[in-house]
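# A closer look at the structure
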Amino acid sequence: MVDIAQQAAINPASAKDAGVARAGVPLTTIDPGQWRALAQRAVEPNGYYLPAWELAVSATARGRTEASALPAFDGSSTRLIGLMPVISLWRAWKIPLPALVSAHPYGTLCSPPIDRDAPIEAAASLLQRAREAGAHALVLNDVALNGAAMNALSQVLSRDGLKPRVLSSYVRASLDATQDSETLLRDALGTKKLKELRRLRHRLEEHGPVTFDVARRPDEIASALETFLQLEASGWKGQRGTALVQHAGDATFIRRAVPALAETAQCEIITLRAGATPIAAGIVLRHQDRAFFFKLGIDERFARYSPGVQLTLDLTRHLCADPAIASADSTAGADHPMINPIWRGRFAIGDVLIPLRRHDPVVALIYGALVGVNAAHEAARRMVRRLRK
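Residues numbered from 1 in each chain as written. Predicted model: local features only at pLDDT ≥ 70, side-chain atom pairs only at ≥ 80, totals over all residues. Heavy atoms only, no water.

A word on the packing of helix α4 (residues 51–60) against helix α11 (residues 248–263). Taken N-terminus to C-terminus, the directions of α4 and α11 make an angle of 160°; their axes are 8 Å apart at the nearest point. Here α4 lies roughly antiparallel to α11, going by the angle between them. As α4 runs across α11, the sense of the crossing is right-handed. Facing Ala52, Trp53, Leu55, Ala56, Val57, Ala59 and Thr60 of α4, the residues of α11 in contact are Gly249, Asp250, Thr252, Phe253, Ile254, Arg256, Ala257, Ala260 and Leu261. (Axes fitted to C-alpha atoms, helices over the stretch in contact; angles between N-to-C directions. Helix = DSSP H or I, 4+ residues; strand = E, 2+ residues; numbered from the N terminus. Parallel < 35°, antiparallel > 145°, perpendicular 65-115°, else oblique. Left-handed = near helix turned anticlockwise from the far one by under 90°. Contact = heavy atoms within 4.5 Å.)

Tracing the backbone through its elements, the reader meets Ser102 in strand β4 (residues 99–102). Not counting the four nearest positions on each side in its chain, Ser102 is found in contact with Tyr49, Pro85, Val86, Ile87, Cys110, Val139, Leu140 and Asn141.

To continue, consider the sheet that holds strand β8 (residues 267–274). Taken together, the 12 strands give an open sheet; going across it, the order is β1-β2-β3-β4-β5-β12-β6-β11-β10-β9-β8-β7, and neighbouring strands pair in mixed fashion. Only two strands of the sheet have a single neighbouring strand rather than two, namely β1 (25–26) and β7 (210–215). Where strand β9 (residues 277–287) and strand β10 (residues 290–298) come together, 8 bridges link them in antiparallel fashion. Across the sheet, Val284 pairs through a bridge with Phe293, a residue of β10. The strands that helix α3 (residues 32–41) touches are β3 (80–88) and β9; relative to β3, the one it contacts most, it runs at about 105°. Where helix α7 (residues 148–159) meets the sheet, it contacts β3, β5 (137–144) and β12 (345–355), and its direction lies at approximately 35° from that of β12. (Pairing = 2+ DSSP bridges.)

Next up on the list: helix α12 (residues 307–320). Taking 1.5 Å of rise per residue, the 14 residues of α12 would be expected to cover 20 Å, and the 20 Å separating its terminal C-alpha atoms lies within 8% of that figure. Across the 14 residues that make up α12, a large majority, 13, are buried. (Expected span 1.5 Å × (residues − 1). Buried < 20%, exposed > 50% of the residue type's maximum accessible area, 1.4 Å probe, protein only.)

Going through the model one piece at a time under the given rule, you end up with 20 salt bridges. Measuring nitrogen to oxygen at the nearest pair gives 2.8 Å for the salt bridge that ties Asp329 to Arg172. Taken as a pair, Asp329 in strand β11 (residues 327–329) and Arg172 in strand β6 (residues 165–176) lie far apart in primary sequence, 157 residues in all. When its relative accessible area of 2% is taken as the criterion, Asp329 is described as buried. Between Asp219 and Arg217 there is a salt bridge, and its shortest N-O distance comes to 3.0 Å. According to the relative accessible area criterion, Asp219 is exposed, its value standing at 61%. On the basis of relative accessibility, which here comes to 47%, the residue Arg217 falls in the partly exposed class. (Salt bridge = Lys/Arg side-chain N within 4 Å of Asp/Glu carboxyl O.)

Shape descriptors only; they carry no functional weight alone.
Here it is as structure tokens:
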């Protein structure tokens, strides 16, 4: 592997230089109306890059504030046809090389909104915007590798004699919501497992009638959100200090984003109760015909009844019964022990390095640095897993 520090000294790119490779405009300067219109025409759904969500993230979320943007406009320079929220490589990983990285929207999907009516024009314009910002490469984290947005970008790259490089990838769970829910659950879990889960639900009813509630309206979603936040903080996430409500910036972000998306019917909070006691809750975003299961919180005093699984079973039935929803993204990690056995669909997610110029030696430096970062992160993850055993 190339010695990054040595090569950077030969062809220096300081933190100041890396700042040149930030996008040309702050994210807050993008017209929200234009952004919402683009989201309606987007070639690929992504609830985490809806303006109400990503602007709230960029405003206050811990470690995710002050994102910039690569905007793409049509030939008249008036209609927004593409948008890529980004930060510099320096800010992302303290690597002093001129590249731009997806601004992470808290949810694990960074496929950019690209106009389905002009996907090639939009993709080409986004790449040109990155070049004009001083970037030699783009690093797209957590993109759908076989999604329509990545396909448009790949077509433009191929036309220019360039090729994306996948830095890392995994497959995660998704739901085909066009199926009959009971058939889907029986095929996924089997009759024996479903019978056991029904038995646990009957036992749960000893604490009161079990109900599944969906909060959608702005006037009801705020209180449902507080219930979710309390449940999330009461469990292992609270013990690790990663619950949303434990950090002022994260709490402000989620309390801004959820009601704002509820105004446009793009967010709902699902809650499972035993009597008056909430035992599990989750946040679900909606964009076009796809749902996104953002987070789950449970009351671990009821852990013996599998409240997270019970909630997910009800969510599956809820989404399959909704003609507006064709699929759902779990936005979970690889081999997630709770949702993978239930949602048996799979699709590939990955981090992708996009070169912006042919035969550019700086891209090799960027690639080598990112490989080193990934190796360090994987070593750290292995250590954490060993310590938890």
